[in-house]
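One letter stands for each residue in the lines below.
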Amino acid sequence: MRRTAGLLLTLPLLLAVACSSSTKATSPATPTAATAAPTVPAPVTEASPMPTLSEGGFGSKATITIPEGQQPSGQFVVSTVSEGDRSTVSKGDWVTVNYTAKDWTTGKDLPSSYDANGKPQLYQAGSGQLVPAFDQTVIGKKVGSRLLVVAPPAAAFGNQGSTQLGVAAGDTVVFVLDIMESLPQDSTLSGTMTPPPATMPQVKDNGKAAVTITLPAGEAPPTDLQQAVLIKGEGKQVKSGQTLVVQYTGVLWSNGQQFDSSWSHGGAQALQIGTGSVIEGWDKGLVGQTVGSRVLLVVPPALGYKDAAQGSVPPNSTLVFVIDILEAV
């Protein structure tokens with residue numbers, strides 16, 4: 001739960017769609033007539049000439065070799081180098097991708113998620129928030145696949161280029177994408193829940209819908225953060241600064257009224273944890289948990305919205321959340 005309305009999606013700045021100069025670089029934007037993005041061509045599976053790959057396979061940095069002295073075909077090429085055997089990515093899925101990149105026009109290697117300071121990219125497939133070379137190419141592909149993408153300007157950084165990457169306007173960019181994970185928006189956790197103490201709210205699972213949270217009768221709201229792990233996940237530990245994909249439901253302690261749920265926003269949401277982007281109760285309660293866990297948090301006002309009203313949440317409200325941690329990147 002963000003400090004203000006809605007949840008925080010942390011976009012990878014370098015791969016976000018190009019915006020007009022009057023728009024923040026981290027926000028998707030609709031180009032004006034003066035800066036209208038070129039039409040993205042339909043992708044093809046092969047063209048000539050093509051780059052070649054060497055060194056390593058899926059899950060490791062690729063070495064991309066550009067055909068010497070040859071210009072790109074101008075086509076948007078999406079070629080499957082190796083096919084995975086897991087689920088197929090659908091539009092709207094939360095996808096985690098590792099990548100290697102090279103500017104065909106200049107021959108320069110670009111920053112990679114496999115570099116020392118690189119990070120995998122987490123985004124919603126088909127959302128339009130990243131360049132089409134990422135946004136569109138993974139749809140219909142299987143998790144575990146490696147893709148070779150030759151992106152003409154319309155599928156890369158368009159008529160503006162990317163000053164952060166050093167990609168000039170009109171450059172063709174080559175990407176090698178490793179699809180590491182994909183989570184549909186209706187993803188949720190399963191398994192037997194461990195009931196919390198009787199003095200805490202009780203939780204009923206409703207499958208692919210918001211859980212039911214029942215408040216303990218006669219109990220005063222706690223003044224400290226309370227937490228209980230209802231399902232213990234076996235995944236990696238959540239670290240400060242990571243982006244989480246979560247399902248969540250929140251109710252007011254005062255009357256049990258639901259004031260927010262990821263299910264009312266279309267399903268699983270992404271947010272950054274441990275950096276003050278969400279309320280302090282979430283930062284304190286989720287860092288250190290493990291992926292695959294369902295966590296019950298009772299958040300006192302001091303760790304929530306304090307004395308400020310927030311939408312349908314009155315000032316000085318104690319908040320109750322049930323949070324499924326689906327992924328951490």
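Fair warning: this is a prediction, and the values are worked out from it, not measured in the lab.

What counts, and where the lines are drawn
- Residues numbered from 1 in each chain as written.
- Predicted model: local features only at pLDDT ≥ 70, side-chain atom pairs only at ≥ 80, totals over all residues.
- Heavy atoms only, no water.
- Helix = DSSP H or I, 4+ residues; strand = E, 2+ residues; numbered from the N terminus.
- Buried < 20%, exposed > 50% of the residue type's maximum accessible area, 1.4 Å probe, protein only.
- Contact = heavy atoms within 4.5 Å.
- Areas by Shrake-Rupley, 256 points an atom, 1.4 Å probe, with all protein chains shown as cover.
- Core = buried A, V, L, I, M, F, W, Y, C linked by side-chain atoms within 4.5 Å.
- Polar contact = N/O pair within 3.5 Å; in protein donor to acceptor, adjacent residues only side chain to side chain.
- Salt bridge = Lys/Arg side-chain N within 4 Å of Asp/Glu carboxyl O.
- pLDDT = per-residue confidence, 0-100.
- Pairing = 2+ DSSP bridges.
- Phe/Tyr/Trp six-rings, centres within 6.5 Å; stacked < 30°, edge-to-face > 60°.

Draft legend 1. Region of interest: the overall build of the protein. Within the protein, the secondary structure is distributed over two helices and 16 strands. Sorting the 329 residues of the protein into buried and exposed places 49% on the buried side. Across the protein, every contact between residues at least 6 apart in sequence was considered, and the portion connecting residues at least 24 apart equals 73%. Looking at the protein as shown, the accessible area adds up to about 14500 Å², and 50% of this sits on carbon and sulfur atoms.

Draft legend 2. Expanded view of the nonpolar core. Counting residues in each nonpolar core, the largest one holds 28 residues, and the members touching the most others are Phe 134, Val 138, Val 149, Phe 157, Phe 175 and Leu 177. Of all elements in the fold, only strand S4 (94-103), helix H1 (132-135), strand S7 (146-151) and strand S8 (173-183) reach the threshold of two or more residues within this core. If we skip the residues at most four places from it in the chain, Val 149 touches Phe 76, Val 77, Val 78, Ala 133, Thr 137, Val 173, Val 174, Phe 175 and Leu 177. One finds Leu 252, Phe 259, Ile 273 and Tyr 305 within the second-largest nonpolar core, a separate group that totals 24 residues.

Draft legend 3. Seen up close, the environment of Asp 171. Of note, Asp 171 is situated in the loop between S7 and S8. Apart from the residues lying within four places of it in its own chain, the contact partners of Asp 171 are Asp 103, Thr 105, Thr 106, Ala 151, Pro 152 and Pro 153. In this structure the side chain of Asp 171 is engaged in a polar contact, spanning 3.1 Å, whose partner is the backbone nitrogen of Ala 168.

Draft legend 4. Representation of the pattern of salt bridges. Tallying each qualifying case throughout the model produces nine salt bridges. Residue Lys 208 pairs with Asp 186 through a salt bridge whose shortest N-O separation is 3.9 Å. Of this pair, Lys 208 sits in the loop between strand S9 (202-204) and strand S10 (212-214) while Asp 186 sits in the loop between S8 and S9, placing them 22 residues apart in sequence. A single network of salt bridges, built from pairs that share partners, joins Asp 205, Arg 294 and Asp 324.

Draft legend 5. The confidence of the model for the protein, seen in detail. When the pLDDT values of the protein are averaged, the result is 89; 89% of them are 70 or greater. Throughout residues 19-35 the model reports pLDDT below 50, and contacts reaching past four residues in sequence, or to other chains, amount to 17 contacts.

Draft legend 6. View of the environment of Ile 213. Counting through the fold element by element, Ile 213 comes out in strand S10. A sequence separation of 40 residues divides Ile 213 from Trp 253, and the C-alpha atoms of the two residues are 10.0 Å apart.

Draft legend 7. Summary view of the pairing of strand S15 (residues 294-299). For S15, the tally of buried residues reaches six of six residues, placing the bulk of the element in the interior. Burial along S15 is two-sided: the face carrying Arg 294, Leu 296 and Val 298 and the face carrying Val 295, Leu 297 and Val 299 are both buried. Two strands pair when backbone bridges link them, and strand S11 (residues 226-231) and S15 are joined in this way by five bridges, in the antiparallel orientation. Within S15, the position partnered with Ala 228 by the bridge is Leu 296. Judged from the six bridges that link them, S15 and strand S16 (residues 319-328) form a sheet pairing that is antiparallel. Pairing of Val 299 across the sheet is with Leu 319, part of S16.

Draft legend 8. Geometry of the packing of aromatic side chains. On inspection of all chains with the given rule, the structure shows six aromatic pairs. Judged by centre distance (5.6 Å) and plane angle (80°), the rings of Tyr 248 and Trp 282 are edge-to-face. Separated by 34 residues along the polypeptide, Tyr 248 in strand S12 (residues 243-252) and Trp 282 in helix H2 (residues 280-286) bring together distant segments of the chain. Look at Trp 282 and you get buried, because its relative accessible area is 0%. Following the ring pairs from residue to residue traces out a cluster consisting of Tyr 99, Tyr 123, Phe 134 and Phe 175.

Draft legend 9. Structural detail: the side chain of Ser 261. With respect to the helices and strands, the residue Ser 261 is situated in strand S13 (residues 258-261). Among the residues examined, Ser 261 registers a relative accessible area of 1% and is labelled buried. One polar contact links Ser 261 to Thr 249, side chain to side chain, over a distance of 3.4 Å. Sequence-distant contacts of Ser 261, that is, excluding residues within four places in its chain, are made with Ala 210, Tyr 248 and Thr 249.

Draft legend 10. Summary view of the side chain of Thr 172. In this structure, Thr 172 sits in the loop between S7 and S8. Look at Thr 172 and you get buried, because its relative accessible area is 6%. Dropping the residues within four chain positions of it, Thr 172 is found in contact with Pro 72, Lys 102, Asp 103, Trp 104, Thr 105, Val 150, Ala 151, Pro 152 and Pro 153.

Draft legend 11. Broad picture of the environment of Leu 122. Examined against the element boundaries, Leu 122 turns out to sit in strand S6 (residues 121-124). Between the alpha carbons of Leu 122 and Glu 181 there is a distance of 9.2 Å; along the sequence they are 59 residues apart.

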